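Residue-level structural notes
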Amino acid sequence: MAERTAGSGVQSVERVFELLELLTDAGGSATLSELAATADLPLPTIHRLLRTLVGLGYARQLPNRRYALGPRLIRLGESASKQLGALATPVLKQLVDELGETANMAVLDSDLVLYIAQAPSKHSMRTFTEVGRRAHSHATGVGKAILAQLPDDQVRGIAARSGLPPATPASLGTIEELLADLAAIRERGYSIDEQEQELGVRCFAVALPGAPTPTAVSVSGPISRVDEEFGRRAVPLLKAAAQAISEDLAASH
């Protein structure tokens, strides 16, 4: 019989998902000793669970003996992203109706942001980010909104692994600049992409409260239309949209 916790969960299943989340937090790979230092599990237990995950294709062992996320997780992640995107799309379309500019939703996928849903603006001159596209988190509104939800040490780890490549001359170029911007985002409750991803484009974004994976929604458009006055109207609507999507997620569990 499977070993159970004091609650209703199966302990071995909880441990497996704990290891997968620790691998994700570590940027996708870690050594056995690194996992043992953070998992609060006996080393033999971690090794046994990892061996099972490797055999099933949900983890893999690299030539340098590190363990990494496995290819079978890709299909699961893609399917989950599509379902989350479908759930959010009606809310994003409402944002477009209210504000007139393109609305997006993205999640943190390893060390990058992954765009999983979009409702396009009806303007002929508009921003467009393809669903399925990945981008560096430090140079996007959704990415910075997500990073602001994480501890600085975790942000430093993401930056160290993925780098801070400039998408435009306005992109943040150092970890000190990024951390200072994230502190400001935490204080005001939303992020601004000031032409950091694309010249001529401004974006306002907020994180989803209590999301199971770090997630954010945004509205973006040309700087001629998306100005300070637009931001004053957009931020409350973005926060309401983020709350609505979070509630829909909770209701779907």
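Definitions and limits used
Residue positions are given per chain, counted from 1 along the sequence in the order it is written. Local features in this predicted model are restricted to residues of pLDDT 70 or higher, and side-chain atom pairs are both shown and tallied only at a pLDDT of 80 or more, whereas totals for entire chains, interfaces and linings draw on every residue. The basis for the side-chain values is all heavy atoms of the structure; hydrogens and waters are excluded. Counting from the N terminus, the helices are the DSSP runs of H or I reaching at least four residues and the strands are the DSSP runs of E reaching at least two. Each residue's exposure class comes from its accessible area (1.4 Å probe, protein chains only) as a fraction of the maximum for that residue type: buried when under 20%, exposed when over 50%, partly exposed otherwise. Whether two residues touch is decided by their heavy atoms; if any such pair falls within 4.5 Å, the residues are in contact. Each residue carries a pLDDT score, the predictor's own confidence in it, on a scale running from 0 to 100. Throughout, an axis means a line fitted to C-alpha atoms (over the contacting stretch in the case of helices), and angles, computed between N-to-C directions, take values from 0 to 180 degrees. Just so you know how the angles are binned, under 35 degrees is roughly parallel, over 145 roughly antiparallel, 65 to 115 roughly perpendicular, and the rest oblique. Handedness of each helix crossing follows the sense of rotation of the near helix against the far helix: counterclockwise by less than a right angle gives left-handed, clockwise gives right-handed. Amino acids outside the nonpolar list (Ala, Val, Leu, Ile, Met, Phe, Trp, Tyr, Cys, Pro) and the charged list (Asp, Glu, Lys, Arg) are all regarded as polar, and Gly is one of them. Two strands qualify as a pair provided DSSP detects at least 2 bridges between them. For this analysis, a salt bridge means a side-chain nitrogen from Lys or Arg found within 4 Å of a carboxyl oxygen belonging to Asp or Glu. Counted as a polar contact is a pair of N or O atoms within 3.5 Å, where, for protein atoms, one must be capable of donating a hydrogen and the other of accepting one, and residues adjacent in sequence contribute only when both atoms are in side chains. Residues grouped as a nonpolar core are buried Ala, Val, Leu, Ile, Met, Phe, Trp, Tyr and Cys residues, joined through side-chain atoms within 4.5 Å.

Below, the discussion takes up the environment of Leu20. Relative to the helices and strands, Leu20 resides in helix H1 (residues 11-25). On the basis of relative accessibility, which here comes to 10%, the residue Leu20 falls in the buried class. Remark: the alpha-carbon pair of Leu20 and Leu53, spanning 33 residues in sequence, is separated by 9.3 Å. Here Leu20 is in contact with Leu53, Tyr58, Leu69 and Leu73, once residues within four sequence places are set aside.

Attention now moves to the confidence of the model for the chain. Averaged over the chain, the pLDDT score is 87; the fraction of residues at 70 or greater is 90%. In the predicted structure, residues 1-9 sits below a pLDDT of 50 and forms 11 contacts with residues beyond four places in sequence or in another chain.

This next bit is on the packing of helix H2 (residues 32-39) against helix H3 (residues 43-56). H3 packs onto H2 with a crossing angle of 120 degrees between their chain directions and a minimal axis gap of 10 Å. With respect to each other, H2 and H3 are oriented oblique. Two packed elements cross with a definite hand, and for H2 against H3 that hand is right-handed. Seen from H2, the contacting residues are Leu32, Leu35, Ala36 and Ala39; seen from H3, they are Leu43, Ile46, His47 and Leu50. For the contact of H2 with H3, the residue count by class is seven nonpolar, one polar and no charged.

Pairing is antiparallel in the open sheet, where three strands are placed in the order E1-E3-E2. Where the open sheet ends on each side, the last strands, each with one partner, are strand E1 (29-30) and strand E2 (59-61). Against the sheet, H1 touches E1 and strand E3 (67-69), its axis set at about 90 degrees to E3.

Right, let's talk about the pattern of salt bridges for a bit. Oppositely charged side chains can pair when the atoms bearing their charge come close. All chains considered together, the criterion is met by 11 salt bridges. Taking the shortest distance from any N to any O, the salt bridge between Asp181 and Lys144 comes out at 2.7 Å. Highlighted residues: Asp181 in helix H7 (residues 175-188) and Lys144 in helix H5 (residues 141-147), separated in sequence by 37 residues. Judged by relative accessible area, Asp181 falls into the buried class, the value being 17%. For Lys144, a relative accessible area of 1% translates into the label buried.

Looking at the secondary structure, you find His138 in the loop between strand E6 (134-136) and H5. On the basis of relative accessibility, which here comes to 2%, the residue His138 falls in the buried class. Separated by 3.0 Å, the side chain of His138 and the backbone oxygen of Pro165 make a polar contact.

Summarising burial for strand E9 (residues 215-222): eight of the eight residues are buried, a large majority. Inspection of the sheet shows strand E4 (residues 102-109) paired to E9 by six bridges, in the antiparallel sense. For Thr102, the partnering residue across the bridge sits in E9 and is Ser220. Pairing between strand E8 (residues 201-207) and E9: seven bridges, direction antiparallel. When the sheet's bridge partners are listed, Val201 is paired in E9 with Pro222.

To continue, consider the nonpolar core. By size, the foremost hydrophobic cluster in this structure holds 29 residues, and its most contacted members are Leu92, Leu95, Met105, Phe204, Val217, Val219 and Ile245. Of all elements in the fold, only helix H4 (72-99), E4, strand E5 (112-119), E8, E9 and helix H8 (228-252) reach the threshold of two or more residues within this core. Here this core takes eight residues from H8, the largest share from any one element. Discounting chain neighbours no more than four positions away, the residues touching Ile245 are Leu87, Ala88, Val91, Met105, Leu208 and Val217. Core analysis: the next-biggest nonpolar cluster, separate from the first, contains 22 residues, Leu147, Val155, Ile175 and Ala216 among them.

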